[in-house]
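Here is how the chains run, residue by residue.
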Amino acid sequence: HALANYIQKLNIFKIYLVQKNSVWNAFVMGIHSNEKVPPLGSTEALHEDGPANAEKARIWKTDLERHFEEVRIVETENLSESELHNSSTETSYKIVKLVTMVVVFLVLLSATVVSKGATFLMVSQLSKTRSPMPYCTSSIPYAYANLTGPVDARNSEQEKVAWLWGLFFSFLAPELLILLQSLWNVLTRAKKKKESEGDNKKKKESEGDKKTGNAEEIKEENNLLRVDFFFISLSEVAHAAGTAILFFIAFPEMDSISGIMATTALCWFPGCLLILKQIKAKNWKRAPLTVISTLLLLTTIAWPLVWGHANKADNKIWALPVGLFLTSLGWWEGFVGEGTDYLFQLKMKLMDHEKNSDINLGVAPLKICVFLVIFMFGGYLHLNSPYELFTLFLDSFSTLDYFVSPALPGTSETPIYHITTFLENGEILWKGPTMVIIVQIVSTWVAYIFGKFACKGKIQKLCYALPLSVLATPVSVLSLLLLCHNRKSDACFYTSFPPHVFFLCPEEVWKFDWKWLGIIWIVSQILITLHIWFPKNKKLEKTDHIFGADLYSGLLIDQSLMLNRRSDEEKNTKMESQEEDKPGKIRIKGCATLWHETSEEMTVMLQSTFRMDDWTKKMKETPGHRDYFDWELHVFFDDAMATKSNGKVIVNDFVETLRKTIEDYGEKYYGPTKWSVDLEKFKTPYGGRMVWQLPGGTSINVHLKNKKKIRHKKRWSQIMYIYYFLVYMLKNDGLTEEEIEDRKKNTFLLALDGDVDFQPDAITKVVDLMKVNPKVGAACGRIHPTGTGPMQWYQKFEYAIGHWLQKATEHMLGCVLCSPGCFSLFRAEALMSHNVMHTYTTMASEPKHLVQYDQGEDRWLCTLMLKQGWRVEYCAASDSFTQCPEGFKEFFNQRRRWMPSTMLNIVDLISDSKTVIKNNPDISKGYMFYQSFMMFGTVFGPGSIFLMLIGAFSTAFGISNDTALIINAVLAGGFVVACCVLKGPEQVRLAELLTVVYAIIMIAVYIGIILQIIQDGPESLTALSFFVTFGSFLFAAIIHPMEFSCLFCMPIYMATIPSMYMLLMIYAIFNINDVSWGTREGPKSAEDKVKEEEEKQNRVPDGVLGFVQSQLDSTLNGLSCCMCCGNGDKSEEKMKNIEISLNQIKIHLNIDGAEQIDEGTTEEITNVETDNPTNLSDMPKKIDEGTIEKSIETDNPNDSAKPNKTSGINFFKHGANKLMATKSLDMFLKTEKGKVIENWGEIDDKKEKDFWVKLIEQYLLPETFNDEKRKKEVQGLLELKNSAAGGFVLINVMWISAFYMLQAHTNELGIIWPLGGKLTSISFDTNDQYSNQIILDYVYLQVDVLGMLFAVGFIGLMLLQFITMIIHRLLTLEHIVSSTDLRKPTDQDCKSEKKKLENIGSNLVNRGQHTSDV
């Protein structure tokens, strides 16, 4: 900073001297030569113009300018955190996508092949006409060792029962999942509320009545009718019946190869519907192919005749064509077009998940019943009664029952041996039919999951269409042919199969015969399902919009995935155009709130803003881009005005800093040629507005709030912009009611902090969640804290595990409770719903409302949205960066504000849980129990940490528990007392001191924990808790590879656990009455200081804590201050001295307004000596040149005769500040005039003025305080503090006492922990000489009941968060894959990039020319 300040002053000095050539020569000669020259400013120096001196001056001037240029070039801009993150993730995401595509392709293909193989392995065991298969003689039991020759085997009717049940369970698994899912959706569905106010308004107008009638008609059309339910039931029942006929009648009498090929002939009904659809659409290119493909499928009628005649099974030749046709009736939704009006309308109705749930709740039981009936009465087993399917159920699974006989052709009498092998325990799972059934069900489910992942992840062509349509059947057939060939050549080739179980292989394995028909069916299937090669769904599309049915067919997985896939033509999948009136166009209003941000923090936000401007311009040049949205930024500036001594209202220094930062960084970012932006300034009813139109077409609108005209603080700024965008703009754009509703659904507000850093991709990923689910009211991304120092390291890991575990769990189990205001997207429709924005404008009437409403406004807004049924989600793929507190005091004050607000909002949700569960379908009783458990842990956390420290002290230092209790009681109790008697700053200093003490102690504590684990064993409660906690952290970091570096900050986090989970909680509760912001606090006005002093004098302590404070304050305050602060805090005195000095400088420089009254801000004009370069352009009145020259002459009179290098430098040091003030009197006066609000222009739109006036009158009038109201508020906050702190201390002391007493009497009151027993002795039974009994004595740990319950609950919570984190991570992977583009740059992209580089080069040249001109 010192170097930058020096260079800047030198630049200004150089400009002045260039204008004064004689002075420049004198200065250069004084610095760079040892020759004696006349004093600067003298007549001799001004008129001396010799050739030698002129040449020297020119040389040194050129040399100095070159050095200036070198310095300017070296000062390059550092990449922001988001740019660094984006540069590292761009390539990584492409690698991740490639690896994911390979894995999905292989897993989907393998799972499909395994599923088909397991299915037909079960089918092969049901054949009645199957000839005995060769039996491996090495597997013959010892009792039948006389069977030495070739042996054949066939299974018994009892064993066939197990394989029949296996097929039934394979069909039942997905149907049961559908039934349970639908039942859950119906039971937990929220009751919709009618918008009575909107209906009443519409009834008042005739047009409204018509629209209401039309809306009711549309609603009735969208409702399911009885005929709809009848048709769906009929098609689904036919599908179930056809599937049962195929797998219980047709396929068992076919060899496995022919059966697999026959499954490709299931496109009868879909093919007919596709023909109608293509004819209606006049798609004459594809229609002939579809007709030919459908006709080729008719060969499935002729082939069974030949097959039945050849296999002498004429009585079952009907089963194959009938089964194929009935099964195909279930797959119609993906092939219905507008040509079939009724079916098309029905399909559109079924895209609603709730309607699907209603249908499935009735249809799924029907399908199961139909399948079960054919399963029982199909007549394919030689059983005495169908009921034997149930009586033989257990025996069929617990035994291997089959017959073997010698393979002696030509022998009239062949002995048959009945072999029964009983399976015990694990053998039932691994050796019997159970294993095949599990493999079939799991592989089918895996194929469905990965297929759905491929569709949602936009990798459908290579990872879905290719393996299912082209490869699945050929690979299955070839694999079975190879298996059959090896099995026929050697009966003992495969030992993994039971010796009597194998596929039904053809007589001649490699004989082609009728297999060419299978090739025809495969080609027909590819042509009819050609739509899966051209997906049109959006990213992360809902399952209802991807598949016609919710789940899949358990026995025909590849066909169900292909034929059940929607063709997507029913949706308007074309990307939104750039027309303003286009329905569905996404509009995002960036809403940043500023207060006392520094120039550096503002620059970070401006980087993001200018990147958005470039991105928006690029999107406009790419019509139809899927991620395009309309963007503009609005900045709402709190406390932006100051009042001068003459009564004029001007903008304060923070606004000037913003203006100067925008202009300086804008020129730096865009270049001097592009940055020719004019600033527009307007007076408004709330203060003022400044508008910049950026080169890319977007704008920056800065709304300057005067707290004397409008209520200040962040919540009221949010209310201000929400009503401005969603009421004024919607109602005054000339939109119809339908257009307004569309705007509400597709307009989003992006809440930003003034120091947030993000990339455009971060917004598009959050928007993706909004597009997929219209019930999402808010969404947030991954927030990364930036900064330096130990506090940033702590927050880096804290934020990491908070997002990895807690937010991911909230997202999966229910809804995220808080979408942080630094970077969150809110849906306009959700904000304007009943009881959200209206309640959000409520003034705090109770003390707890001051904490809940204003200390955590973003959390309270989300609480209101959750109560009204809106969903809040977390998008881990969206990254943003924000400045975090780097100092201990700032961090503690921030959390002092956050923690009570968080607790009050969660308590609000839990106390109103019935209403929340009723209104919000995503929140269940289980989720509310989870939040209650988390709240319990938060409240009792300090006591639990205290108990942990007692045990750790005892183990680490070898002291008794009583001594450890006393030591910790002194430390923690002392801080509690300090929070009662000391002021906030002293409390923080003491907490900082204790944090260091605890951090040192925690090293020994963790060593003590390790020693205790070694002593108690790895299965003890302590060990399990330790392993689960650290294991979760480690695994979470591994599956978040881009954030793995956060793990290196874990030591800081672990060392400060006592401070952050005990001391911080105590500090927050005992300072709950402090409702100040805590961070970026500016200087208080004189009025506020007077009121604060009056409050301190009139404050009467209340309650028990107040009594303690009044008694101990006088005795302990001074002592504590000495211990915590040394000789006392002189920062206030130093600040006063600095203010006095600055004011004296202003008076000395004759600056107007040196005695201005500043409304909570810094002085109007910063000191010319400041290191902040943003105010250099607004220097005071210029000083007369003669005065400057005079000051130069008299600057160092003793050395005036020696104009050497030292004299020149001294001249610079003493004269630079005054020379900086001479930039331009006119410019300064113009700037001063521009800062006065009265000189700004008026808003042209009268409607907007009226809107602001009414809004301010209704909601945003500045709050007026009289003495009585202020005292009442202060008194209420003190009572809240006393009650909260008293209750908090009481319950934690009771918790500690109960735990400690139970632990002290563990031997009498404890219970035995069943794991981790220690072997103490080994003995033998000597009473009986024939006994071989060995006696092992184990000793088990005894734990107290409360400790065990708490530890088990903690372990269960960590495991729950661990599982939900993995699931959420898979969803994030899906999002990343769908958003990452692997395409190589096209020629157009290369031309665009080339043009961009040329523009950059041109800007650099122009900038150099501009510098040369200056």
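The preceding data block contains the structure.
Draft legend 1. Structural detail: the overall build of the chain. The secondary structure content of the chain amounts to 54 helices and 21 strands. Looking at the 1414 residues of the chain, the share that counts as buried comes to 50%.

Draft legend 2. Highlighting the pairing of strand S3 (residues 399-406). Of all the eight residues making up S3, seven are buried; the element is thus mostly covered by neighbouring parts of the structure. As paired elements, strand S2 (residues 151-155) and S3 share five bridges and run antiparallel to each other. In the strand pairing of S3, aspartate 152 is matched with serine 405. Sheet topology note: the S3/strand S4 (residues 417-422) ladder contains six bridges and is antiparallel. Note that in S4 the partner of leucine 400 across the bridge is threonine 421.

Draft legend 3. Quick look at the packing of helix H30 (residues 790-813) against helix H53 (residues 1345-1379). Packing of H30 against H53 leaves a shortest axis separation of 8 Å and a crossing angle of 75 degrees. As summarised for this structure, H30 and H53 are arranged roughly perpendicular, according to the angle between their axes. On the side of H30, the interface is formed by Trp804, Leu805, Gln806, Ala808, Thr809, His811, Met812 and Leu813, while H53 contributes Met1358, Leu1360, Gln1361, Thr1364, Met1365, Ile1367, His1368 and Leu1371. Of the residues assigned to the contact of H30 with H53, the class counts are 10 nonpolar, six polar and no charged.

Draft legend 4. Just empty space enclosed by the protein, in detail. Scanning the model with the defined rule gives eight cavities of 30 Å³ or more in all. The computed volume of the largest cavity comes to approximately 290 Å³. Lining of the largest cavity is provided by 24 residues; of these, Ile178, Glu236, Lys367, Ala549 and Asp550 occupy positions nearest its centre. Counting only elements with at least two residues in the lining of the largest cavity, the list comes to helix H6 (157-188), helix H9 (226-250) and helix H16 (353-377). When residues in the lining of the largest cavity are grouped by element, the largest group, six residues, is from H16.

Draft legend 5. Expanded view of the sheet that holds S2. Across the sheet, which stays open at both edges, the four strands sit in the order S1-S2-S3-S4 with antiparallel pairing between neighbours. Each having just a single partner strand, strand S1 (133-135) and S4 make up the two edges of the open sheet. Along the sheet, successive strands turn relative to each other by an average axial angle of 40 degrees, direction set aside.

Draft legend 6. View of the sheet that holds strand S6 (residues 630-637). Pairing within the open sheet is mixed, and its 11 strands lie in the order S13-S16-S14-S15-S12-S5-S6-S11-S10-S9-S17. The sheet is open, and its two edges are formed by strand S13 (757-758) and strand S17 (1241-1242), each paired on a single side. In the sheet, S6 pairs with strand S11 (residues 699-705) via five bridges, with the strands oriented parallel. The residue of S11 that forms the bridge with histidine 634 is asparagine 701.

Draft legend 7. Representation of the state of the cysteines in the model. Inspection of every chain in the model, using the stated rule, returns two disulfides. Two residues share a disulfide in this structure: cysteine 136 and cysteine 492, whose sulfurs sit 1.9 Å from each other. On the sign convention where negative means left-handed, the S-S torsion of about 105 degrees between cysteine 136 and cysteine 492 marks this disulfide as right-handed. With cysteine 136 in the loop between S1 and S2 and cysteine 492 in the loop between helix H21 (460-489) and helix H22 (515-528), this pair connects stretches of sequence that are 356 residues apart. What makes cysteine 136 buried here is its relative accessible area of 6%. With its sulfur 2.1 Å from that of its partner, cysteine 484 forms a disulfide with cysteine 505. On the sign convention where negative is left-handed, the bridge of cysteine 484 and cysteine 505, at about -80 degrees about the S-S bond, is left-handed. A residue pair is termed long-range when its members are at least 10 positions apart, and cysteine 484 in helix H21 and cysteine 505 in the loop between H21 and H22 qualify at 21 residues. Should the bonded cysteines of the chain be numbered as they appear in the sequence, the pairing reads 1-3, 2-4. Cysteine 780 supplies the cysteine sulfur nearest to cysteine 822, a cysteine that is in no disulfide, at a spacing of 8.7 Å. Its relative accessible area of 10% is what places cysteine 822 among the buried residues.

Thresholds, definitions, all that
Residue numbers restart at each chain and count upward from 1, following the sequence in its written direction. Thresholds applied to this predicted model are a pLDDT of at least 70 for local features of residues and 80 or more for the giving and counting of side-chain atom pairs; totals over whole chains, interfaces and linings are not thresholded and use all residues. Hydrogens are left out, water is left out, and the side-chain values use all remaining heavy atoms of the structure. Counting from the N terminus, the helices are DSSP H or I runs at least four residues long and the strands are E runs at least two residues long. When a residue's accessible area, from a 1.4 Å probe over protein chains only, is under 20% of the maximum for its type it is buried; when over 50% it is exposed; and in between it is partly exposed. Strand pairing is assigned whenever DSSP detects at least two bridges linking the two strands. Helix axes are fitted only over the stretch in contact, all axes being lines through C-alpha atoms; the angle between N-to-C directions runs from 0 to 180 degrees. Working rule for angles: under 35 degrees goes down as roughly parallel, over 145 as roughly antiparallel, 65 to 115 as roughly perpendicular, anything else as oblique. In this description, contact between two residues means that some pair of their heavy atoms is separated by no more than 4.5 Å. Nonpolar residues are Ala, Val, Leu, Ile, Met, Phe, Trp, Tyr, Cys and Pro. Charged residues are Asp, Glu, Lys and Arg, and all others, Gly as well, are polar. Buriedness of a pocket was judged along seven lines, with at least five required to meet protein on both sides within 12 Å; pockets are open sets of points on a 1 Å grid over the protein atoms alone, cavities are sets where a 1.4 Å probe fits but cannot get out, and lining residues have an atom within 4 Å of a point. Grid points are joined across faces, edges and corners, and a volume is the space filled by probe spheres set on the points. When two cysteine sulfur atoms lie within 2.5 Å, the pair is treated as a disulfide.

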